[in-house]
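# Report on the structure
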Amino acid sequence: MTHGHTEHTGQTGYTGAGKAYWPPYGEQQGVPYQRTGEAGHLAAERPEPVTEPVPEPPARTEPAPKAKKPGRDRYLDLLRSIALVRVVVYHLFGWAWLTVLFPSMGVMFALAGSLMARSLKRPAAGVIRGRIRRLLPPLWAFSVVALALMFAGGWNPSKDPDHGGTWGLISFVNYFVPIGAPPYPWSLGDKAGLLENTWAVQAAGPLWYLRAYLWFVIASPLLVWAFRRVPWVTLLAPLGLTAVVGTGLVTIPGETGNAVSDFAVYGSCWVLGIAHHEGFLEKVPRYLSVSCAVLIMAFGLWWASGHLGPDGWDLNDIPLAQATWSFGFVVILLQYSPSWQELPGRLAKWDKLVTLSNNRAVTIYLWHNFLIMATVPILDRLYELPFMDDSMVSALDSTYAIWMFLLVWPLIGLTILGVGWIEDIAAKRSPRLWPNGVQRKGSRRRS
């Protein structure tokens with residue numbers, strides 16, 4: 001989840017005001033040549049013939065590269081949009097193979113790491129404050145709604161055996177500053193109620209990403225410093241840590257263990273983003289980096305095959321497999337990064353949605369599980385329609401998940417309209433209801 005929409009000026013493909021511009025494109029032809037040998041004069045009896053040396057052809061100049069327009073790297077924007085869609089589809093259908101097809105979280109951490117490295121050209125303290133400022137207001141809006149529904153549903157934290165006492169009350173701060181895991185009831189309400197009794201777990205589940213992101217942001221100045229001095233050690237150390245804490249070799253109990261495991265599993269992806277910004281990957285021959293990435297990914301699949309969890313090939317349940325597969329996958333994506341200024345070919349028709357999803361990435365991620373669950377009581381009303389006979393009920397039952405998929409996107413759109421503008425306020429921008437990159441009359445396009 002990147003967070004932030006500043007323009008990139010490093011080697012990763014973003015261009016901005018700090019990047020030098022070349023002269024206009026075009027070969028410099030048709031330049032008149034001076035005649036250098038026309039010094040003839042009259043002799044005593046008859047004039048000497050005037051000889052004019054043939055001028056040498058001008059040296060052919062290579063065309064200067066076309067100046068790049070300031071803007072975002074649309075390839076990276078496209079990757080972030082695909083990652084968000086994959087997250088929504090995974091949480092809706094629960095297909096384990098999606099974690100292999102496209103490891104969204106590793107991709108999102110890598111993109112965020114690249115943007116963070118770019119921002120650290122400025123003083124680190126200000127950059128960290130800015131990233132935290134962009135993160136917290138959208139989280140506060142989500143937390144207020146989630147807690148209000150939990151309390152309205154009858155949850156009393158003081159009587160909850162898992163979250164009672166002083167420490168349980170202190171942990172509520174994580175709903176507003178995600179340094180740890182927020183408390184929530186494992187069961188609330190009735191299975192036959194408006195929402196299923198595990199809705200609170202599902203709604204609060206995605207908050208682990210914000211916790212990990214916050215810790216990566218805080219650690220980034222140290223990670224950038226370390227990478228510039230010992231790049232390979234910094235890049236591979238999280239994989240080594242995952243081999244220790246993610247395999248049971250060393251067990252850290254509770255949420256501390258979960259936080260350390262998350263940091264280790266996705267740490268190498270975050271550092272890969274730093275490496276991408278620093279131009280490190282460009283120095284490694286493509287055939288070598290891709291070959292090594294494939295070998296690491298193959299190891300990840302081999303490890304997963306012997307440590308399948310309750311959901312089979314769901315890599316979220318297999319930390320070392322998740323870490324190695326995501327690492328190799330991200331290496332290949334960044335090694336082939338084309339740094340598009342505009343989406344090419346048929347991808348261009350998705351430009352508005354890609355721009356919108358990047359401008360509202362935090363909103364989409366925070367609310368998507370809530371909205372998936374909200375489709376259930378809406379679709380259940382269809383069973384009450386008078387023309388619903390047995391055959392139509394059976395058809396609705398068999399296609400229920402598809403209808404959920406179709407309905408969740410309009411709900412996400414409504415949520416963007418309702419609370420998405422908070423991301424603009426957090427980033428100190430003028431609030432926008434639907435920032436899809438379309439330039440309105442009298443306004444400048446911002447993405």
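Description of the structure in this document. (Residues numbered from 1 in each chain as written. Predicted model: local features only at pLDDT ≥ 70, side-chain atom pairs only at ≥ 80, totals over all residues. Heavy atoms only, no water.)

## Some thoughts on the packing of helix 1 (residues 74-93) against helix 13 (residues 351-359)
Where helix 1 contacts helix 13, the two axes come as close as 9 Å, and the packing angle between them is 75°. Viewed along their axes, helix 1 and helix 13 adopt a mutual orientation that is roughly perpendicular. For the pair helix 1 and helix 13, the contacting residues are Arg74, Asp77, Leu78, Arg80, Ser81 and Leu84 in the first and Asp351, Val354, Thr355, Ser357 and Asn358 in the second. Of the residues assigned to the contact of helix 1 with helix 13, the class counts are three nonpolar, four polar and four charged. (Axes fitted to C-alpha atoms, helices over the stretch in contact; angles between N-to-C directions. Helix = DSSP H or I, 4+ residues; strand = E, 2+ residues; numbered from the N terminus. Parallel < 35°, antiparallel > 145°, perpendicular 65-115°, else oblique. Contact = heavy atoms within 4.5 Å. Nonpolar A, V, L, I, M, F, W, Y, C, P; charged D, E, K, R; others polar.)

## Digging into helix 11 (residues 286-305)
What sets the pattern is the α-helix's 3.6 residues per turn: residues three or four places apart point alike. With 20 residues, helix 11 should reach 28 Å at 1.5 Å per residue; the first-to-last C-alpha distance of 28 Å fits that figure. Every buried residue belonging to helix 11 is among Ser289, Val290, Ala293, Met297, Gly300, Trp303 and Ala304, and all of these are buried. Burial along helix 11 is one-sided: seen end-on, the buried residues are contained in an arc of 145°. Turned more than 90 degrees away from the buried face of helix 11, the exposed residues are Tyr287, Leu295 and Trp302. In this structure, the buried residues of helix 11 make contact with helix 12 (319-335). (Expected span 1.5 Å × (residues − 1). Buried < 20%, exposed > 50% of the residue type's maximum accessible area, 1.4 Å probe, protein only. Arc of directions from axis to C-beta.)

## Regarding the pattern of salt bridges
Scanning all chains against the criterion turns up 11 salt bridges. The closest approach of N and O atoms between Arg72 and Asp77, which form a salt bridge, is 2.9 Å. Taken individually, Arg72 and Asp77 each receive the classification buried, so the pair is uniform in this respect. The salt bridge involving Asp424 is made with Arg432; its shortest N-O contact spans 2.8 Å. Summarising the burial analysis for this pair, Asp424 and Arg432 share the class buried. Three or more residues are tied together by salt bridges with common partners; here these are Arg72, Arg74, Asp77, Arg80 and Asp351. (Salt bridge = Lys/Arg side-chain N within 4 Å of Asp/Glu carboxyl O.)

## Examining unusual backbone geometry
The backbone of Ser339 shows a phi angle near 55°, a positive value even though the residue is not glycine. Along the chain, Ser339 falls in the loop between helix 12 and helix 13. Classification of Ser339 by relative accessible area gives buried; the value is 19%. Within the chain, Lys428 stands out as a residue other than glycine whose phi angle is a positive 60°. Relative to the helices and strands, Lys428 is located in the segment after helix 17 (421-426). The class for Lys428 is exposed, based on a relative accessible area of 66%.

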